[in-house]
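# Fold and contact review
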2 protein chains.
Amino acid sequence: MVAPSLRARVRAGMIDEIKAVARRHLANDGANLSLRAVARDMGMVSSAIYRYFPSRDDLLTALILEAYNALGDAVEAADAAVDRADLRGRWHATCRATRSWALAHPAEYALLYGSPVPGYAAPDDTVAPAQRPPLTLVGILRDGVADGRLQPPADELPEPLRADVAELGALLSVDLPPALLARGMAGWTQLFGLISFELFGRINRMLPHRDEYFDHQTALMADLIGLSSAG
Amino acid sequence: MVAPSLRARVRAGMIDEIKAVARRHLANDGANLSLRAVARDMGMVSSAIYRYFPSRDDLLTALILEAYNALGDAVEAADAAVDRADLRGRWHATCRATRSWALAHPAEYALLYGSPVPGYAAPDDTVAPAQRPPLTLVGILRDGVADGRLQPPADELPEPLRADVAELGALLSVDLPPALLARGMAGWTQLFGLISFELFGRINRMLPHRDEYFDHQTALMADLIGLSSAG
DNA sequence: TCCATTCCGAGAGCACCGCTCTCGCAGAGC
DNA sequence: GCTCTGCGAGAGCGGTGCTCTCGGAATGGA
């Protein structure tokens, strides 16, 4: 690793500043990020931005990558803070951390999990960061099966599906009974739906105690999976 | 009701044609609908569109309203086609109809359930059509409780939440035990998450048998609710 | 030290967008 | 037949992403 030249360091600082300004615009104005507005905020002309990002989509991709990793950090830290044996506590901590991050960064959450921008295709280097939250959830299941605290469901999946889910598990490098992994995916799907409804929808605008509602809904999924508390 | 004049009929036809062309553009180009492109397709100049829709958002609102009602029609028809006593069959039919409509109209589904457009606020006359799919689902629960086929969960919800959910049930004009309604909402949330993941995400791009996966996931929620088949 | 190379910001410009305003025409109603 | 209303065309404003050129400045090797 050669020491970066002054130019390289200035350039990296510029890239960081552009991303910071863009993130601020995202939080204020929503998803329609304007390159020209970012440039104006930095006292530059719009064409100068293109020295650092070849297109608006590339800037968005950079923001998406950072957002995925910020969410992954928050989720993994929340899981790590709970006693390893307390499967149910870890599940709740992970779910709550996801929701908290989403409520604190709604525009970035929408960027990650909202409707895709029509012309935009996520590059391959986003899939690994994108898998961190669901991997944290299935990690709880893996630990539970490993030490016997978590009983897999009695029924196995019917065949065309069992092979699919087993292959998906292999792809995620988790060795779980497919029927259990399917329930974990149900929990992840439910979590995503809960947060999206709370952020985007107006269905539960009439539920004043949203924290309690969220905890109860994730508890339902913890029951479905069979997660137990510690002890 | 006075007979509409020729002018009024021509105008109504124009509005319909604009909406049809706009819907086609939506399906092809995604969410970023261009008024000028619609006008070009109709051989008009862009300013002429404003004779019929005061703004682009109003056109979008009209499309959203039609989409909600199209989805509601499909969902209610699917539920009505199943034996009233077959609660589980009705649940699956309703879920499948929702998914089928979404897969057939991905852009309109994204319009309804995707990330909200930043400056856009849905007017009040969209909430009633928007409630038709979830109302169909809770209708299944209502029928099940009414004829005794569906046993509510034994545990009642803890207090701050129980009152919230009870009030929500009253607002939807369904008299259900709050704990059961909460499970129904879990099913609706799960359904939305499943469809959104399939349409937007790339997590289950690696599940070839998506129909089977969908059916299994909705069956898990039917189990959680306690829905039984007929007989 | 000098010079060629590289990098970068400014500016003009293109095509597109939503939206407003004016103008002239044609049909509807009196 | 006349007036009034509705409608399409056109020009125009400010905004967008993006491209290209130009000139200045810093870099790094001779």
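Here is a short report on the structure shown in this document. (Residues numbered from 1 in each chain as written. Chains lettered and ligands numbered in written order. Predicted model: local features only at pLDDT ≥ 70, side-chain atom pairs only at ≥ 80, totals over all residues. Heavy atoms only, no water.)

We now examine the relation of the copies chain A and chain B. After a rotation of 180° and a shift along the axis of 0.0 Å, chain A superposes on chain B with an RMSD of 0.1 Å. When the rotation and shift are considered jointly, the pair of chain copies conforms to a two-fold rotation axis. Looking at chain A, 100% of its interface residues are interface residues in chain B too, so the copies touch through the same face. (Least-squares fit on C-alpha atoms with pLDDT ≥ 70 in both. Contact = heavy atoms within 4.5 Å.)

Within the structure, DNA strand C sits among 24 residues, and Ser47(A), Arg51(A), Leu35(B), Arg36(B) and Arg56(B) are positioned closest to it. Sugar and phosphate atoms form 47% of the subset of DNA strand C atoms that lie within 4 Å of the protein. At a separation of 2.7 Å, a base oxygen of DNA strand C approaches a polar side-chain atom of Ser47(A). At 2.6 Å, a backbone N or O of Leu35(B) approaches a phosphate oxygen of DNA strand C. Among the secondary structure elements, those contributing two or more residues to the surface near DNA strand C are helix H1 (6-29) and helix H3 (46-49) of chain A together with helix H1 (6-29), helix H2 (35-41) and helix H3 (46-49) of chain B. Looking at the surface near DNA strand C residue by residue, the classes come out as 9 nonpolar, 6 polar and 9 charged. (Near = heavy atom within 4 Å. Polar contact = N/O pair within 3.5 Å; in protein donor to acceptor, adjacent residues only side chain to side chain. Helix = DSSP H or I, 4+ residues; strand = E, 2+ residues; numbered from the N terminus. Nonpolar A, V, L, I, M, F, W, Y, C, P; charged D, E, K, R; others polar.)

Moving on: helix H9 (residues 159-171) of chain A. For H9(A), spanning 13 residues, the distance from its first C-alpha to its last is 18 Å, which sits close to the expected 18 Å at 1.5 Å a residue. At its buried positions, H9(A) is contacted by helix H10 (178-200) of chain A together with helix H11 (210-225) of chain B. Looking one or two residues beyond H9(A), the residue adopting positive phi is Ser173(A), at roughly 60°. (Expected span 1.5 Å × (residues − 1).)

This next bit is on the packing of aromatic side chains. Residues and elements named next belong to chain B. Tallying each qualifying case throughout the model produces 14 aromatic pairs over all chains. Centroid distance Tyr-109 to Tyr-113: 5.1 Å. Interplanar angle 40°. Geometry classified as tilted. Taken as a pair, Tyr-109 and Tyr-113 lie in helix H6 (residues 106-113) at a separation of 4 residues, close to a single helical turn. Taking the relative accessible area as the measure of exposure, Tyr-109 reaches 1% and is therefore buried. (Phe/Tyr/Trp six-rings, centres within 6.5 Å; stacked < 30°, edge-to-face > 60°. Buried < 20%, exposed > 50% of the residue type's maximum accessible area, 1.4 Å probe, protein only.)

Now for the protein's contact with DNA strand D. The environment of DNA strand D is made up of 25 residues, and the closest members are Leu35(A), Arg36(A), Arg56(A), Ser47(B) and Arg51(B). Each atom of DNA strand D within 4 Å of the protein belongs either to a base or to sugar and phosphate, the latter forming 49%. In the environment of DNA strand D, a phosphate oxygen lies 3.1 Å from a nitrogen or oxygen atom belonging to the side chain of Tyr50(A). A distance of 2.7 Å separates a base oxygen of DNA strand D from a polar atom in the side chain of Ser47(B). Tallied by class, residues from the surface near DNA strand D come to 9 nonpolar, 7 polar and 9 charged.

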